[in-house]
Amino acid sequence: PKRFPDLRSDHKKALLEGIVCDELPDEPLVVSFAFNAELFAASHILRSRGVSGVAVWGSMPGGKEARAAKVQSFQKGEVRVILKQAKIHFGMDLARADTMIRYSLPRPYLDISQDRDRIVNPARKEGIALRYIDLVTKDTIDCDIIEASSDKRLTARIFAENVAARFEIRRESKL
């Protein structure tokens, strides 16, 4: 949070580095972020490890054309990893990857549901399983969001209510 600049943790960055570099070193991957600061930090770490990748976010220099060029380089196999802001989703085909790592989940349900569809390709052959890896910090709103988002019957309103209710229950149990 901006009001707590000293409240930082490198646990998710280390976990992401381990998954991308050690556990899935040859697999094309999509990594999604709710916040640009996380995206930039992860991009720096992966680049320092020699991971070929590109990053795309809403207000990036060059706008829509620059994003499209980076997506195309990922789809062509010129880079292995694409790091993306979760809010950027409509029309973005990242189905070269079977795995999406969600570093953090955005708060709006539409951004969550649309983001996970980026690796879905309706023309894909049967039998290929998609994998979603969520990096979740224990006892944080991450838990509330991931639990609420797993309900397939959700609407955006119900999702927001579920997150708030789960957060309140967790908060009261800590008092």
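Computed from a predicted model, the values in this text were never measured in an experiment.

Asker: Help me out: how do you make sense of the overall build of the protein chain in this one?
Answerer: When you go through the protein chain residue by residue, the secondary structure sums to six helices and five strands. Starting at the N terminus and walking to the C terminus, you meet the elements of the protein chain as α-β-α-β-α-β-β-α-β-α-α. If you take every contact in the protein chain between residues at least 6 apart in sequence, the share linking residues at least 24 apart comes to 66%. As displayed, the protein chain has an accessible area near 10,200 Å², and 55% of this comes from carbon and sulfur atoms.

Asker: What am I meant to see in the packing of helix H1 (residues 11–23) against helix H2 (residues 36–48) here?
Answerer: Between H1 and H2, whose axes approach to 10 Å, the crossing angle comes to 45 degrees. The orientation of H1 relative to H2 falls into the category oblique. Where H1 crosses over H2, the two elements pack in a sense that is right-handed. Here Lys13, Leu16, Glu17, Val20 and Cys21 of H1 lie close against H2, whose contacting residues are Ala41, Ala42, Ile45 and Leu46. The class makeup of the residues in the contact of H1 with H2 is seven nonpolar, no polar and two charged.

Asker: Please explain the pattern of salt bridges as it appears in this structure.
Answerer: Tallying each qualifying case throughout the model produces five salt bridges. Note that glutamate 17 is salt-bridged to arginine 49, the shortest N-O span being 2.8 Å. Placement of the pair is glutamate 17 in helix H1 and arginine 49 in the loop between H2 and strand E2 (53–56), with a sequence separation of 32 residues. Judged by relative accessible area, which is 40%, arginine 49 ranks as partly exposed. Linked by salt bridges that have partners in common, Glu17, Asp22 and Arg49 make up one network.

Asker: Would you explain the pairing of E2 in this entry?
Answerer: Within a regular strand, side chains alternate between the sheet's two faces. Inspection of the sheet shows E2 paired to strand E3 (residues 81–85) by four bridges, in the parallel sense. Across the sheet, the residue bridging to alanine 55 is leucine 83, located in E3. Once you follow E2 into helix H3 (residues 63–75) and on to E3, the crossover reads as right-handed.

Asker: Would you take a moment to explain the side chain of serine 32 for this structure?
Answerer: Tracing the chain through its elements places serine 32 in strand E1 (residues 29–33). Taking relative accessible area as the criterion, serine 32 reaches 0% and is therefore assigned buried. Every residue in contact with serine 32, bar those within four places of it in the chain, is listed here: Lys84, Ala86, Met100, Ile101, Arg102, Tyr103, Ser104 and Asp115.

The rules behind these values
Residues numbered from 1 in each chain as written. Predicted model: local features only at pLDDT ≥ 70, side-chain atom pairs only at ≥ 80, totals over all residues. Heavy atoms only, no water. Helix = DSSP H or I, 4+ residues; strand = E, 2+ residues; numbered from the N terminus. Contact = heavy atoms within 4.5 Å. Areas by Shrake-Rupley, 256 points an atom, 1.4 Å probe, with all protein chains shown as cover. Axes fitted to C-alpha atoms, helices over the stretch in contact; angles between N-to-C directions. Parallel < 35°, antiparallel > 145°, perpendicular 65-115°, else oblique. Left-handed = near helix turned anticlockwise from the far one by under 90°. Nonpolar A, V, L, I, M, F, W, Y, C, P; charged D, E, K, R; others polar. Salt bridge = Lys/Arg side-chain N within 4 Å of Asp/Glu carboxyl O. Buried < 20%, exposed > 50% of the residue type's maximum accessible area, 1.4 Å probe, protein only. Pairing = 2+ DSSP bridges. Right-handed = clockwise from strand over helix to strand, strands pointing away.

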